[in-house]
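Residue-level structure breakdown
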Amino acid sequence: MPVAPSIDQLARIIGNVAAPAFLLGAVASFISVLISRINRVVDRARLLHDITDDDASKAYLKADIPRLRHRALLLNRSLFCSILSAILTALIIIVAFISALFNVAHEYGVALLFMAALLTFCASLIDLARETRIALHDNDLRV
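All values reported here derive from a predicted model rather than from experimental measurement.

This next bit is on the nonpolar core. Membership of the largest hydrophobic core comes to 18 residues, with the highest contact counts inside it found for Val-27, Leu-34, Leu-48 and Leu-75. When contributions to this core are tallied by element, the ones reaching two or more residues are helix 2 (18-49), helix 3 (65-101) and helix 4 (107-135). With near-sequence residues (within four places) excluded, Leu-75 lies in contact with Leu-34, Arg-37, Ile-38, Val-41, Leu-128 and Glu-131.

One non-glycine residue, Asn-103, lies in positive phi territory at about 55°. Considering the arrangement of structural elements, one finds Asn-103 in the loop between helix 3 and helix 4. Here Asn-103 falls in the partly exposed class, since its relative accessible area comes to 49%.

Per the UniProt record, "transmembrane region" (unreviewed entry) is annotated on residues 13-36, 79-102 and 108-129. Overall, residues 108-129 shows 100% helix and 0% strand. The separation of its end C-alpha atoms is 31 Å.

Each value, and the rule that gives it
- Residues numbered from 1 in each chain as written.
- Predicted model: local features only at pLDDT ≥ 70, side-chain atom pairs only at ≥ 80, totals over all residues.
- Heavy atoms only, no water.
- Core = buried A, V, L, I, M, F, W, Y, C linked by side-chain atoms within 4.5 Å.
- Buried < 20%, exposed > 50% of the residue type's maximum accessible area, 1.4 Å probe, protein only.
- Helix = DSSP H or I, 4+ residues; strand = E, 2+ residues; numbered from the N terminus.
- Contact = heavy atoms within 4.5 Å.
- UniProt positions renumbered as here; feature names shortened; annotations may be inferred.

Here it is in structure tokens:
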């Protein structure tokens, strides 16, 4: 049993982890989008909390705070699932290289990790879809 993997083994492993590496890049970009959406919701909530009760022209906007809270909850859960997906995807790459180093079969473990990564990514997308359904409101279109 060789101590270190050969160049051919490493080339095969690098080829095998190309798809997870692309998935990791996509998830990282998606996390960036989620963070920017969360920041927008938080900024809007802060703006609404700063409206005084005696400002009659804008007081009605404070009724939007529960909707913003619900959006923040969905985005936070989506962000958590995306981060979990990224961790699972990174584990796929790590397991592939460790298994090559120790010359151990890794197909089942990588397959399970990949399915878990995709399931958590789908859960994240579902939460984002739910958030976008409630995102646009009449109050958002008023100046």
